[in-house]
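Survey of secondary and tertiary structure
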Amino acid sequence: MPTGWEAPFPEGAEILIFKKKKEGETYQSFTQGIGEMSETLDAQYREGEPFYYHQLAADHPAIQFARMKNPDFDEVLEASKPAAD
């Protein structure tokens with residue numbers, strides 16, 4: 001299931017992910033799968049799939065939720081935008 005996560009606060013965050021080992025899976029097959037996932041995500045990003053708050057429409061549910069959780073979210077959103085060339 002595709003999912004995403006970006007903190008609605010300016011300070012850093014850590015996320016811990018647990019993955020159940022599949023039948024017959026080894027550490028090598030696990031790390032290979034992570035590498036393949038990384039390549040897939042990079043391709044989706046290049047194709048325009050939104051990965052960051054600043055890529056979403058102002059009325060997107062994730063933006064609305066972030067504003068509800070952090071009253072200063074608009075400042076975080078502005079600071080997260082890449083610098084103009």
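Above this text you will find the structure in question.
Below is a summary of the structure that appears in this document. Throughout this document, residue positions are counted from 1 along each chain, in the order its sequence is written. Selection of residues for local features in this predicted model requires a pLDDT of at least 70, selection of side-chain atom pairs for listing and counting requires 80 or more, and totals for whole chains, interfaces and linings are taken over all residues. Note that the side-chain values use all heavy atoms of the structure and ignore hydrogens as well as water.

A word on the pattern of salt bridges
Under the convention used in this document: In the sections that follow, a salt bridge refers to a side-chain nitrogen of Lys or Arg positioned within 4 Å of a carboxyl oxygen of Asp or Glu. Throughout, exposure labels follow a simple rule: accessible area from a 1.4 Å probe, protein chains only, divided by the maximum for the residue type, with under 20% read as buried, over 50% as exposed, and the rest as partly exposed.
The full count for this structure, using the stated rule, is 2 salt bridges. In this structure, Arg 67 and Asp 74 form a salt bridge, with 2.8 Å as the shortest nitrogen-oxygen distance. Using a relative accessible area of 32% as the deciding quantity, one classes Arg 67 as partly exposed. For Asp 74, a relative accessible area of 43% gives the class partly exposed. The closest approach of N and O atoms between Glu 78 and Lys 81, which form a salt bridge, is 3.2 Å.

Considerations on helix 3 (residues 73-80)
Worth spelling out the cut-off: A run of H or I in DSSP counts as a helix once it spans at least four residues, and a run of E counts as a strand once it spans at least two, with each numbered from the N terminus. Summarising the geometry, the arc corresponds to the directions from the helix axis toward the C-beta atoms. In what follows, residue pairs with any heavy atoms lying within 4.5 Å of each other are defined as contacts.
Within helix 3, burial applies to Phe 73, Val 76 and Leu 77. Looking straight down helix 3, one finds that the buried residues subtend no more than 100° of arc, so they occupy a single side. Exposed and facing more than 90 degrees away from the buried side of helix 3 are Glu 75, Glu 78 and Ala 79. The inward-facing, buried residues of helix 3 contact helix 2 (61-69).

The values reported here are purely geometric and, on their own, carry no functional implication.
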